[in-house]
Amino acid sequence: MNVKFAPLSLALAGSLLAAPAFAEMHWQNNSLTYLYGKNFSVDSGEDGREAAIQQTITFEHASGWSWGDMFLFVDHKWFNGHSGKDGRTYYGEFSPRLSLGKVTGKDLSFGPIRDVLISATYERGESQADGTPNQVYLLGPAVDLAVPGFDRFAVNTYYRKPDGATGKPGGQWQITPTWAMTIPVGKSDILFDGYIDWVVNDKKNGGTELKKNFHFNPQVKYDLGKALNQKAGMLYVGIEYDYWTNKYGIEDSGAFNTDNNVVNFIVKAHYF
């Protein structure tokens, strides 16, 4: 583990949560999502069409605090056509953001900017065969924006630092917009939300290279619960579009396709 950079990503939330008077939760939202999709690149393996079918259960948590906000998710994925350990994997991210407006008690809004923040993310995937952890630390500035028609819109900017044990190079920069928009349709709503992870530069360390890549991941979901006269915002069905060039930073080529272009079916249930 990189002892210089790692604490910056995680100590932010840890130190804040250690101060009960300061770490007051204002709201939270938790959810479980089931996704089903076909023809994934990189993850699908070479066992034929069935191996390209991927199913995922995702747990998500979002919360607002007196110091900022927090988002985390954990994916449990399994691949049809594979068995045992080769057929399953996990991936997760933990993303606390420190609001400079909240901690200073000052109104930092100007123009379309609602707040200025410091954003950190810890990414963790399944360890390599030799036990080396796949983990990356991200840190950088962020802004929350007031954009007409959107429930929320934020732009996070990150410096990416992989765990030094993997040999993967640090020094890539990532821009991550996130958004949500509610569109009334008849007696219910459509929720259009998602994110973009845009890694803007290549980096190389010896024989290991990470390529710039672009990951566009929007969801379009119908509020089925509200349509059935239940509480709004609790049960959704819809689709997710997963477009990712140079997936995982692996360069796309004629010999190995790493450009992902997949539509997932979604069922998502929220609870508080």
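A few points on the structure. Everything quoted here is computed from the prediction, not taken from an experiment.

## Description of the overall build of the protein
When helices and strands are tallied, the protein shows three helices and 14 strands. Going through the 272 residues of the protein one by one, you find that 44% of them count as buried. The contacts in the protein between residues at least 6 apart in sequence include a share of 56% that link residues at least 24 apart. For the protein, the exposed area adds up to about 13800 Å²; of that, 60% sits on carbon and sulfur atoms.

## Some points on a nonpolar patch on the surface
On the surface, Leu 32, Ile 57 and Tyr 271 cluster together into a nonpolar patch covering about 250 Å² of accessible area. Topologically, Leu 32 is positioned in strand β1 (residues 25-37).

## Quick notes on the pairing of strand β5 (residues 113-125)
In this sheet, β5 lies alongside strand β4 (residues 88-99) in antiparallel orientation, the contact comprising seven bridges. Looking at β5, one finds that Tyr 91 is bridged to Gly 125. Of the strand pairs in this sheet, β5 and strand β6 (residues 134-145) are connected by 12 bridges, and their pairing is antiparallel. Its bridge partner lying in β6, Thr 121 is registered against Leu 138.

## Things to note about the pattern of salt bridges
Inspection of every chain in the model, using the stated rule, returns eight salt bridges. Of the charged contacts in the structure, one is a salt bridge between Arg 97 and Asp 144, with a shortest N-O distance of 2.9 Å. Linking Arg 97 in strand β4 with Asp 144 in strand β6, this pair joins segments that are 47 residues apart in sequence. For Lys 211, the salt bridge identified is with Glu 209, shortest N-O distance 3.5 Å. Glu 209 gets classed as partly exposed once you look at its relative accessible area, which sits at 34%.

## As for the sheet that holds β4
If you trace the 12 strands once around the closed barrel, you get β1-β2-β3-β4-β5-β6-β7-β8-β9-β12-β13-β14, paired in antiparallel fashion. Ignoring strand direction, the axes of neighbouring strands in this sheet form an average angle of 20°. Sheet topology places β6 next to strand β7 (residues 152-162); eight bridges connect them, and they run antiparallel. Paired with Tyr 137 across the two strands is Lys 161, which belongs to β7.

## Topic: the packing of aromatic side chains
Counted by the stated rule, this structure contains 11 aromatic pairs. Ring plane angle 50° and centroid distance 5.9 Å describe the contact between Phe 73 and Tyr 91, whose orientation is recorded as tilted. Of this pair, Phe 73 sits in strand β3 (residues 68-79) while Tyr 91 sits in strand β4, and the two are 18 residues apart along the sequence.

## Some words on the environment of Tyr 34
Along the chain, the position of Tyr 34 falls in strand β1. Residue classification places Tyr 34 among the partly exposed residues on the basis of a relative accessible area of 26%. Sequence spacing of Tyr 34 and Phe 59 is 25 residues, and the spatial spacing of their C-alpha atoms is 9.3 Å. Residues contacting Tyr 34, with those up to four places away along its chain left out, are Gln 55, Thr 56, Ile 57, Phe 265, Ile 266 and Val 267. Of note is the side chain of Tyr 34, whose polar atom sits 2.6 Å from the side chain of Gln 55.

## A look at the side chain of Ser 119
Relative to the helices and strands, Ser 119 resides in strand β5. Judged by its relative accessible area of 0%, Ser 119 falls in the buried class. In terms of polar contacts, Ser 119 uses its side chain to reach the side chain of Tyr 158, at 2.8 Å. When near neighbours in sequence (up to four residues on either side) are disregarded, Ser 119 contacts Pro 96, Arg 97, Leu 138, Leu 139, Gly 140, Ala 142, Asn 156 and Tyr 158.

## Re the environment of Phe 40
Within the secondary structure, Phe 40 sits in the loop between β1 and β2 (54-65). Taking relative accessible area as the criterion, Phe 40 reaches 5% and is therefore assigned buried. For the pair formed by Phe 40 and Val 262, sequence separation is 222 residues and the distance between their alpha carbons is 6.4 Å. Discounting residues that sit within four places of it in the chain, Phe 40 has contacts with Ala 52, Gln 54, Asp 242, Lys 247, Asn 260, Val 262 and Asn 264.

## Brief notes about the environment of Gly 64
Here Gly 64 is to be found in strand β2. Separated by 37 residues in the primary sequence, Gly 64 and Trp 27 have C-alpha atoms spaced 5.2 Å apart. Not counting residues within four places of it along the chain, the set of residues in contact with Gly 64 comprises Glu 24, Met 25, His 26, Trp 27 and Asp 69.

Conventions used here
Every chain begins its residue count from 1, and numbering advances along the sequence as written. Predicted model: local features are reported for residues with pLDDT of at least 70 only, side-chain atom pairs are reported and counted for 80 or more only, and whole-chain, interface and lining totals are derived from all residues. To get the side-chain values, take all heavy atoms of the structure and skip hydrogens and water. Secondary structure is summarised from DSSP: a helix means a run of H or I of at least four residues, a strand means a run of E of at least two, and numbering begins at the N terminus for each. Working definition: with a 1.4 Å probe on protein chains only, accessible area under 20% of the residue-type maximum means buried, over 50% means exposed, and in between means partly exposed. In what follows, residue pairs with any heavy atoms lying within 4.5 Å of each other are defined as contacts. Note on areas: Shrake-Rupley with a 1.4 Å probe; residue coverage comes only from the protein chains shown. Exposure above 30% relative accessible area and no salt bridge define the residues that can form patches, which grow by joining like charges within 9 Å and nonpolar side chains of Val, Leu, Ile, Met, Phe, Trp and Tyr within 5 Å. What makes a salt bridge here is a side-chain nitrogen of Lys or Arg within 4 Å of a carboxyl oxygen of Asp or Glu, nothing more. Pairing between two strands requires that DSSP report at least two bridges joining them. A fitted line through C-alpha atoms represents every axis, and for helices the fit uses only the stretch in contact; the resulting angles, taken between N-to-C directions, go from 0 to 180 degrees. Only Phe, Tyr and Trp rings take part, Trp by its six-membered ring, and two of them pair if their centres are within 6.5 Å. Stacked means planes under 30 degrees apart, edge-to-face means over 60, and tilted covers everything else. We define a polar contact as two N or O atoms separated by no more than 3.5 Å, with the added condition that, inside protein, one atom must be a possible hydrogen donor and the other a possible acceptor, whereas residues neighbouring each other in sequence contribute only through side-chain atom pairs.

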